[in-house]
Every structure is written in structure tokens, then in C-alpha cells.
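Summary of structural features
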Amino acid sequence: MRWLAWLGLLLAAVLVLPRLVIESQWFGQFGAEPVILRRWLLQLLGFGLVFGLGVPLQLQQLRRCWRLRQGFARKQLPPAPLLRLRPLPLLLVLAALLLLLAGGLTYLLVQARDLIVAPFSGEVITGIPVFADLPPWLFLGLALALLPLLLWAPYTSLRIILVAALVASATAVARGWSLWLPALLAAPFGEADPLTGFDLSFTVLRLPALHLLVSVVLAQGMVGLAGCLWLTLSEGSSLTDLRYAGLSPDQQRVLQPQLAVLALMAALSYALAPFDLMVQGSGVAAGAGFVDLHVRLPLRLALALLLALTGLGLLVPTPRSWLRRVALIPLVSTAVLVPFMEWVVAPVVQRIWVQPRELELETPYLRRSIAATRRAFGLEAVRDLVLQPRQQLSAADLKAAPGTLANVRLWDSTPLLEANRQLQQLRLYYRFTSAAVDRYPLNGDPQRQGSQQVLISARELDSSALAQGARTWLNRHLVFTHGYGFTVSTVNTAGADGLPLYFVKDLGRGQQVQGIPQLGISAEQARRALPVGRPRLYYASAPSPYAIAPTQVREFDYPEGELNVYSHYDGGSGVPIHGPLDRLMAAIYLPEPRLLFTGSLTPSSRLLIRRQVNQRLAALAPFLRFESKPYLVTARVRNTPGFRPDHHQYWLLDGFTVSRSYPYSDPNPAGIRYYRNPVKALVDAYNGQVWLYVSDPSDPLLRTWRRAFPELFRPLGAMPPELLAHIQVPQSQFQVQAERLLRYHVTNVRTFYNGDDVWAIPQEIYGSATTAVRPYHVTVQLPGQNRPEFVLLLPFTPLRRPNMVGWLAARNDPPHYGELFLVRFPQQRLLLGPQQISALIEQDPAISYQFGLWNREGSRLVRGNLLVLPVGQGLLYVEPIYLQSTSNALPTLVRVVVTDGRRFVMERSLQDALRKLVAG
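Thresholds applied
Numbering of residues starts from 1 in every chain and runs along the sequence as written. Totals for whole chains, interfaces and linings use all residues, but because this is a predicted model, local features are given only for residues with pLDDT of at least 70 and pairs of side-chain atoms are given and counted only at 80 or more. Derived side-chain values reflect all non-hydrogen atoms in the structure, with water molecules and hydrogen atoms excluded from consideration. Helix numbers and strand numbers start at the N terminus; a helix is a DSSP run of H or I with at least 4 residues, a strand a run of E with at least 2. Working definition: with a 1.4 Å probe on protein chains only, accessible area under 20% of the residue-type maximum means buried, over 50% means exposed, and in between means partly exposed. By definition, residues are in contact when any of their heavy atoms lie within 4.5 Å. Accessible surface area values rest on a Shrake-Rupley calculation with a 1.4 Å probe, where residue burial reflects the displayed protein chains alone. Just so you know, the count uses Lys and Arg for positive and Asp and Glu for negative, and it drops His and the chain ends. One atom stands in for each charge, and that atom is NZ of Lys, CZ of Arg, CG of Asp or CD of Glu. Geometry of aromatic contacts follows a simple scheme: Phe, Tyr and Trp rings, the Trp one being its six-membered ring, pair when their centres are within 6.5 Å, and the pair is stacked under 30 degrees between planes, edge-to-face over 60, tilted otherwise. Our definition puts a charge over a ring when NZ of Lys or CZ of Arg is within 6 Å of the ring centre and also within 35 degrees of the ring normal. Pairing between two strands is assigned when DSSP locates at least 2 bridges connecting them. Note on definitions: salt bridges are taken to be side-chain nitrogens of Lys or Arg within 4 Å of carboxyl oxygens of Asp or Glu. Counted as a polar contact is a pair of N or O atoms within 3.5 Å, where, for protein atoms, one must be capable of donating a hydrogen and the other of accepting one, and residues adjacent in sequence contribute only when both atoms are in side chains. Angular values range over 0 to 180 degrees, each being the angle between N-to-C directions of two axes fitted as lines to C-alpha atoms, with helices fitted over their stretch in contact.

Next up on the list: the overall build of the chain. Regarding its fold elements, the chain presents 27 helices and 33 strands. Dimensions of the chain along its principal axes, counting C-alpha atoms only, are 110 × 80 × 55 Å. For the chain, with 920 residues in total, the buried portion stands at 55%. Here the analysis covers contacts within the chain between residues at least 6 apart in sequence; of these, 69% occur between residues at least 24 apart. Carbon together with sulfur atoms contributes 60% to the accessible area of the chain, which is approximately 39000 Å² in total. Charged side chains of the chain number 86 positive and 59 negative; the gap between the two group centres comes to 7 Å.

With that out of the way, let us pick up helix 10 (residues 273-280). Note that an α-helix has 3.6 residues per turn; residues three or four places apart therefore point the same way. For helix 10, a buried count of 7 out of 8 residues is recorded, marking the element as mostly surrounded by other parts of the structure. Inspection of helix 10 places A273, P274, F275, D276, L277, M278 and V279 among the buried residues, and these make up the whole buried set. The elements touched by buried residues of helix 10 are helix 7 (200-233), helix 9 (249-271) and helix 11 (290-315).

Let's shift gears to the packing of aromatic side chains. Aromatic ring pairs are described here by two measures, namely the spacing of the ring centres and the angle between the planes. Considering all chains together, one arrives at 33 aromatic pairs under this definition. Look at W26 and F27: their rings are 5.1 Å apart centre to centre, the planes differ by 80°, and that puts the pair in the edge-to-face class. Of the two residues examined, W26 and F27, each falls in the buried class. Measuring from centroid to centroid gives 5.1 Å for F656 and Y675, while their planes differ by 40°, and the two rings are tilted. With F656 in strand 18 (residues 649-659) and Y675 in strand 19 (residues 674-684), this pair connects stretches of sequence that are 19 residues apart. A residue is classified by how much of its surface remains accessible, and Y675, at 11% relative accessible area, is buried. Chaining the aromatic ring pairs together yields one cluster made of F120, W177, F623, W705, F709 and F713. Of note, R610 hangs over the ring of W26, and the distance from its end group to the ring centre comes to 4.6 Å. Positioned above the aromatic ring of Y766 is the side chain of R774, whose terminal nitrogen or guanidinium carbon lies 5.4 Å from the ring centre.

Sheet strands pair via backbone hydrogen bonds, and the direction of the pair is either parallel or antiparallel. Pairing is antiparallel across the open sheet formed by 3 strands, whose spatial order is 11-15-14. Each end of this open sheet is capped by a strand with a single partner; those strands are strand 11 (547-551) and strand 14 (575-576). Direction of pairing for strand 11 relative to strand 15 (residues 601-608): antiparallel, over a ladder of 4 bridges. Across the sheet, the residue bridging to T551 is L601, located in strand 15.

Pairing geometry for strand 23 (residues 763-766) and strand 24 (residues 769-772), over 4 bridges, is antiparallel. The residue of strand 24 that forms the bridge with E764 is T771. In this structure, the hairpin formed by strand 23 and strand 24 is closed by a connection of 2 residues, where G767 is found at a positive phi of approximately 70°.

In this section: the side chain of R895. Mapped onto the secondary structure, R895 falls in strand 32 (residues 888-899). With no salt bridge to any partner, buried R895 finds its closest opposite charge in E907, at an N-O distance of 6.3 Å. Apart from residues no more than four positions distant in its own chain, R895 is found in contact with W854, E879, P880, I881, M906, E907 and R908.

For R536, the location among the structural elements is in strand 10 (residues 536-537). Relative accessible area serves as the criterion here: at 12%, R536 is assigned to the buried category. A polar atom in the side chain of R536 sits 3.0 Å from the side chain of D557. In terms of polar contacts, R536 uses its side chain to reach the side chain of S567, at 3.2 Å.

With that settled, consider the sheet that holds strand 8 (residues 500-505). If you trace the 5 strands from one edge of the open sheet to the other, you get 3-4-7-8-9, paired in antiparallel fashion. For this open sheet the edge positions go to strand 3 (436-440) and strand 9 (512-513), each flanked by a neighbour on one side alone. Bridge count between strand 7 (residues 486-494) and strand 8: 3 bridges; the pairing is antiparallel. Across the sheet, residue V488 finds its bridge partner in strand 8, namely V504. Along the sheet face, helix 16 (residues 413-423) touches strand 4 (452-458), strand 7 and strand 8 and points at about 65° away from the line of strand 8.

A full pass over the atoms with the stated rule returns 28 salt bridges. Across the salt bridge formed by D654 and K680, the nearest N and O atoms sit 2.3 Å from each other. One end of the pair, D654, is in strand 18; the other, K680, is in strand 19, and 26 residues separate them in sequence. The burial state of D654 is the same as that of K680; both residues are buried. E739 is the partner of R740 in a salt bridge, and the nearest nitrogen-oxygen pair spans 2.9 Å.

Moving on, we come to the environment of G311. Within the secondary structure, G311 is located in helix 11. The exposure class assigned to G311 is buried, which follows from its relative accessible area of 0%. Linking G311 and L264, residues 47 residues apart in sequence, is a C-alpha distance of 5.4 Å. Residue contacts for G311: discarding those within four places in its chain leaves A260, A263 and L264.

This is how it looks when you write it as C-alpha cells:
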């Protein structure tokens with residue numbers, strides 16, 4: 001057996017050592033070796049603490065039970081009446097113990113697996129009901145597998161089960177460093193919770209760690225107790241006679257410590273009731289309500305006290321045995337009493353006492369929930385403004401909004417990506433994964449009215465799209481290593497053929513950086529604002545396999561007619577693999593044995609892994625959540641240490657801190673109760689260098705993680721100004737805030753309770769289907785502002801009514817970056833919403849007739865995003881119309897529909913439509 005153990009350790013070392021070496025070198029390219037070493041040390045500390053303490057304690061306890069069973073010296077002692085069992089009760093108890101063993105082991109294994117897969121999800125902590133989420137078939141199957149082992153070799157089998165449970169417990173705690181490290185380093189919020197007066201950091205950061213502790217110790221304790229009871233109840237002839245005479249005093253003394261630990265852990269779990277109820281209460285709003293605080297809370301605290309006394313009574317020696325028996329009475333009685341009070345008394349009080357006077361009794365708790373939700377999602381700083389727009393636009397309104405009308409977005413990402421695939425993909429192995437709206441100073445100073453909205457899309461490489469015969473290991477990892485180039489197109493116009501107009505297009509020597517005369521933008525202005533340089537994209541937004549570069553094999557750049565152009569990687573990122581030992585480590589890590597035998601490597605060869613931007617950032621800072629899609633920026637970065645002047649393409653991505661345990665905050669559909677965007681991530685598209693900039697240093701969650709890993713973060717002011725000009729409010733954060741604002745724009749408790757001012761996200765016809773309006777970027781002049789701004793905007797409608805009640809805008813330009821601007825419209829006035837406008841466009845006779853002509857066999861009409869824009873003293877609705885052939889998905893912009901809610905005009909260009917709209 002010993003040689004098997006040594007063989008297992010050797011095999012583990014062979015598998016683990018390469019991972020440690022490659023990972024440390026990967027972090028080393030960012031200067032972050034202390035980060036990964038600290039993380040490993042924390043996990044080793046957690047594992048060693050739990051396993052090192054648990055193994056001797058649990059196995060010693062099991063050994064004591066086994067010795068009592070082997071000695072079986074109870075014949076000289078009168079049998080104790082405690083736990084005396086007849087045939088049927090004995091079988092039921094043994095079946096329950098078997099299920100408890102299997103269930104506890106299964107739970108710990110599942111918990112360890114979940115924390116390994118998603119250590120930052122916060123969804124694997126369940127507290128006392130450790131078996132609540134287990135699939136029944138899983139632990140029932142394990143119970144049936146354990147039964148013959150427990151009958152044949154109970155002591156050996158139970159030792160293996162206990163060690164397995166301890167390994168799972170230690171693994172769960174080790175991987176749970178994402179929970180207990182913030183609890184140890186928690187930065188104060190500077191604000192007390194409304195129930196206990198504790199700083200909010202206790203509930204947000206320490207409560208999940210305490211739940212992890214309770215969950216692991218309870219499950220482990222149940223497995224240990226079930227194992228000892230199995231040895232005890234199955235001793236001698238108990239199983240053959242189906243009879244158990246009772247626990248002897250010696251057996252009671254052996255089992256007391258385990259019962260005491262379970263009682264104390266249960267007491268701790270119930271003692272957390274004030275914090276749990278503030279998070280998971282059952283009031284009329286989020287958090288603890290009247291019944292929670294006046295019925296459930298006193299009951300749980302009383303139970304916690306009784307359980308604590310029970311645990312102490314089992315641990316502290318007492319002179320008379322009846323006192324020890326009395327100590328068990330609260331454990332049994334309250335275990336029956338609490339479910340009765342929770343399930344019966346609390347609902348009765350809610351129905352009979354609270355509901356008849358609900359608003360009066362729940363007002364303080366409603367006020368807490370409204371304030372906490374607005375604070376947790378950053379809604380307190382929303383600037384409100386009430387406007388009464390006119391129902392008809394005039395020429396004076398159009399003249400008052402030149403910046404808005406100069407950047408009306410007629411192209412959005414879906415039709416543009418389809419056009420790019422048809423016109424700019426050029427080869428099957430290229431792909432355009434996403435397109436982002438951004439602004440560039442193509443017309444002069446971006447702080448004035450010279451910022452031009454564009455759509456920028458990266459031409460990424462998809463090596464899986466190579467021809468079947470060319471999909472070799474050499475091609476996928478050494479030749480086709482990177483994408484090349486990008487497109488930049490205007491959002492507000494189209495060519496004479498209805499296709500997009502590009503500032504940057506094509507590849508190689510045929511690549512063009514050109515102006516657009518229709519917009520008055522010259523080629524020189526475009527080249528100055530949109531540098532191209534060497535646009536090799538080794539790191540991209542879509543998943544990519546590992547690459548090895550540079551090697552003796554030339555890397556494919558782009559096709560040039562019938563020939564191909566090649567290059568060699570000269571970036572400084574990646575893991576060096578030129579030596580034999582480096583190759584061996586990389587071959588085991590990947591795993592890829594071909595690395596050991598290829599003769600293509602050079603002394604400067606590097607292994608490029610985690611080439612997807614999101615994957616790269618998630619590995620470096622797993623405690624942050626990142627936006628699902630990065631967006632590409634091209635800029636000249638001058639005189640900034642760490643940035644190469646010949647690199648122009650960068651990926652920008654937003655990082656978020658979230659929590660599921662902010663007290664009294666109403667969770668969104670994903671269960672999030674706290675949401676902030678304190679980090680801007682930047683990734684060099686060529687060499688993969690990563691920078692994390694702090695845009696909100698006041699966020700307590702980020703301050704906590706900065707205490708743990710200060711090397712990772714830089715102040716936002718350190719970001720090069722050429723890139724700082726392109727930061728945007730992330731769409732996911734804006735959508736979360738907008739969704740919370742649908743109800744929590746109301747701060748009056750009575751109005752909130754009545755629910756008569758709830759909003760909704762409007763519907764629109766997009767393509768040919770009805771869908772919810774998505775936030776869209778526009779350049780508008782906000783009410784009360786002197787110049788147009790680049791904002792993210794979303795209109796609102798009342799719940800179950802289609803007219804519009806307002807819109808929310810997030811400002812992107814400094815010095816107002818991140819500010820939320822909420823414009824409300826008087827609800828007594830009928831202002832048409834997007835769904836109504838979409839319907840009225842179809843009902844207009846002239847427009848409907850033209851739609852019918854286009855939607856005949858052979859062609860398909862596609863309706864674009866309906867934009868709602870503030871223009872002068874009124875509102876302008878704009879909808880682009882595209883046409884696609886059923887045999888070719890290439891979309892063309894054929895018409896633009898504009899309306900002010902009274903007149904509907906459809907013309908070939910926006911300018912013609914606007915002139916006709918105000919002409920009367």
C-alpha cells in the first residue's frame with residue numbers, strides 16, 4: 001500500500017509541477033508573480049488547516065468508537081435506556097445513517113466541485129440545509145454502493161469515507177478563498193446596516209464566509225457522527241438480532257463532542273439570522289419585514305441560544321448524568337418547534353395581523369428597501385428632469401440640434417456585421433465577431449462637435465474554418481496564429497448602392513484609409529484619427545487556440561492576390577519554451593506531446609495561451625466580472641511607459657464587482673444585489689499586455705481586493721489620454737441599472753406599495769420580429785447642455801401601456817463620464833412609445849404599400865433599431881430600413897423613416913426625410 005501511495009504522489013507531482021511552472025511564468029509576463037504565489041499560498045493554507053486538523057480529530061473519534069465496539073465490555077454494565085431500538089426502528093435508523101453518510105459525502109464533493117468550477121459565483125453556499133440542492137439519484141446511488149462495504153468492512157470503509165469527506169471539505173475551503181479572504185480584509189463601507197448597526201461590510205463580505213464555514217463543518221460533522229453511530233448501532237449481534245440495547249455511558253461520552261460541534265455550528269447558523277433576514281427576508285419588499293423581525297428573528301435567536309447552551313452542556317463535564325440528558329432536550333424540542341413556528345405561526349401572523357394594515361406596518365421596511373436598492377445599484381446619483389416635449393417638430397428644432405442630427409445612427413451592429421462578412425471577410429478563415437459603436441475626432445476637437453460616431457469591427461482569425469486538409473496542428477498553432485486588420489465604417493450614411501461607407505477597409509497593400517466626402521471628412525483626417533500600423537491581432541474577442549511564435553515557420557499575415565504575405569511575431573508576451581525542460585513542462589501542461597518533437601522552435605519561441613481577452617482577464621483577476629464582449633480601439637499612444645509606439649490596436653473591457661448579500665437590496669433576475677463598475681481593463685491586441693485601471697476607487701469591494709492584490713491596479717489617470725477618450729459606460733451595467741429603475745425610480749413609499757407607477761422596457765419591431773428595445777449609443781444634446789455628447793440611451797414606457805414616460809441616458813464624455821440622466825415626461829400626456837411608432841409606420845398607407853412591394857418573393861425587408869432622439873423642443877423618431885435578397889444576405893440601406901409622432905416620412909436619406917417632415 002505504501003508504494004501505491006508514493007506512486008500516487010509522484011504522479012500528482014508530474015501533473016501539478018508543469019502547471020505551477022507554466023502558470024507562474026504566464027503571470028510573470030505581467031509582473032504579477034506575487035499575485036499567483038499569494039493565491040496558491042492561501043489555498044494551501046486553507047487546505048492544510050482543514051485537512052491537518054480534521055484528519056486526526058475525525059479518525060481519532062472513529063477509532064474510539066471502534067475500540068468500544070471491539071471491547072464490547074457492556075455486559076458488566078446495565079444497559080442505558082438512551083437510544084434503545086427494536087427491529088423496525090433500528091432498520092430505519094440505520095437507513096437514515098446510511099443516507100446521511102452518502103448525502104454528506106455527496107454534498108461535500110458537489111460543493112468542492114462547484115467551488116473549483118466557479119469559486120466566485122457565490123451560489124454554492126447553503127448554510128444548514130446542506131442537502132437541499134443535491135440531486136436525489138446521486139446520493140441514493142452512493143448509499144447503495146456504500147451499503148455492502150459498510151456491512152463487510154465497516155471500519156476500513158468509514159475511514160476511507162471520512163478521509164474523502166475531509167479532502168472535499170479542505171478543497172472547498174481552499175477554493176473558497178474567494179469568500180474568506182475578503183472577509184479577513186474587508187474594507188469598511190462607512191455605513192451601518194439598519195438592523196444590527198454593524199458596518200455593511202459584515203453582511204456583504206463576511207456573511208458568505210461564515211456560511212461557508214457553517215456549511216463545511218456541519219456536513220463534515222454529520223458524516224463523522226453518522227460513521228460513529230453506524231459502528232455503534234451495528235456492533236455485536238445488533239444486526240442479526242435486529243435489536244439494540246441502548247448507548248452505554250462510554251458510548252455517550254464518545255459521541256458528546258460530535259453532537260456538541262453540530263449544536264454549536266447550528267447555533268452559529270441561527271445566530272446569523274439578523275443578517276440572513278436582511279438579505280433573504282420575506283417582507284412585502286426586499287429584506288426583513290414586520291413578520292421577519294417580530295416572529296422569525298426572536299424565534300431563531302432563541303433557538304441559537306438554546307443550541308449554544310446544548311453544545312456547551314455536552315462539552316462541559318457535569319457531575320450528574322441527568323444534567324447531560326437534560327442538555328439534549330432543547331436540541332430535540334426546538335428542532336420540532338422552529339419549523340412549526342416558521343411554517344405555521346409566521347404565515348398566520350402575516351395573514352391575520354399584518355395584511356389588514358400592511359402599508360402602515362411595512363412602511364419602515366419599504367423605505368429601507370427602496371433606499372438600499374437605489375444605493376446598491378448606483379441609482380442615488382441619477383439626475384432627474386421633467387420635460388414637456390412638443391408633439392410637432394419645426395425647422396427651428398432641427399436647427400437647434402446640429403450635433404444630434406450629424407450623428408444619427410442608421411447602421412447598427414447586426415446589418416453591418418452581415419455586410420462585413422460579405423464585403424470584408426475576404427477569406428473563410430477570417431471572421432467579424434462583433435462591432436462596437438465608438439467616437440473618433442474625425443472632424444476636429446472631440447470636446448466640441450467634431451466627434452464622429454463610427455462602427456469598428458476586428459477581422460479575427462478562425463483557424464477552425466480552414467479547409468479540412470489544411471486543418472493540421474502546424475497550421476492551427478504555428479502558421480495561422482493571428483487575425484489581421486479591422487474595419488471602421490460610418491454610422492450615419494450609406495453609399496449610392498446602399499452599402500456601408502468605410503473609413504478603413506480591405507487588407508495588405510490594398511488596404512485603404514480614406515475620407516468620406518459626404519461627411520466632409522478628408523483622407524488625411526481619417527489617417528490622423530485612425531492609425532493602422534501593423535494590425536496583427538494575436539489576442540481577440542473570440543476563443544482562439546494556443547499559438548507558438550516566433551518559430552522557424554512563417555506566420556500567415558494576409559492574402560495578396562494569389563500569394564500570401566507572412567511575418568514573425570516579435571512581441572514580448574508569452575511563456576518561453578525554447579529549452580528542453582520548458583518544452584517538457586509545456587507539453588504536459590497543454591497536453592501536447594508534439595511539442596517535444598517539433599524542430600521548428602527557436603531560442604525566442606514563446607507559448608501564447610489564453611488569447612481570448614475575457615479568458616485572459618478572468619485568469620488574472622477572477623474576483624471581477626467582465627463585460628461579455630470587449631471593443632477594439634485604434635490609437636497612437638505616445639510617451640507612455642509600457643506602451644510601444646508602433647502598437648495601435650487595443651481591447652477595452654469593463655470589470656464589475658457584484659454581491660448577492662447586500663442587505664435590503666432587491667435582487668435583479670440574476671440574483672445580484674450590488675453592482676458596480678470600478679475597473680477599466682486594457683489589453684494590447686498584439687502582445688497581450690494587460691492593464692487594470694481603477695475608475696471608481698470608492699467601491700468597498702474593489703478596495704478589499706486591492707488590499708489583497710495591490711500590484712494589479714493603477715489609477716485611471718495613468719491610462720494614456722489617447723485611450724481614455726474611448727472609455728464607455730458598459731451596456732450590461734446600464735441595462736442592470738435601467739431594469740432596477742423600472743420600479744425603483746419611485747421613492748415615495750405609498751406610491752411604491754401601490755405599484756401604480758411601474759415602468760417597462762418598450763417593444764419594437766426589429767428585423768421582422770417584435771423584441772425589447774436595447775440600449776443604443778447616440779450623440780445628442782442633453783436638455784440643459786450646450787454641446788452634443790456621446791451617450792447610451794434607453795426609453796421607458798409604463799407597465800402594460802405602450803406610450804413613453806421618459807428615457808435614461810448614461811453620459812460617456814468627460815468630465816461627466818458615468819453620470820445618469822433621467823428625463824421624465826408627464827404621464828397625463830400621450831407621448832408615443834417605440835411600439836406605437838413601429839405600428840403606426842406599418843399603418844401609414846404610402847409606407848405600408850412600399851413595404852409590401854419590397855417583401856415579395858426574392859427579397860426581404862429588415863427594419864432597423866427605432867431611435868428616439870431629443871431634438872430642440874420635441875422628439876424625433878428615426879428608423880432605418882434595409883433590404884436583403886433571399887439568395888444573398890447582404891443588407892442595403894434603402895430608406896429612412898422619420899416622424900415626430902404626427903407625420904410619417906420615408907425618404908432615401910435622413911436629410912431629405914427631415915426636410916420633408918418640417919416642410920408640412
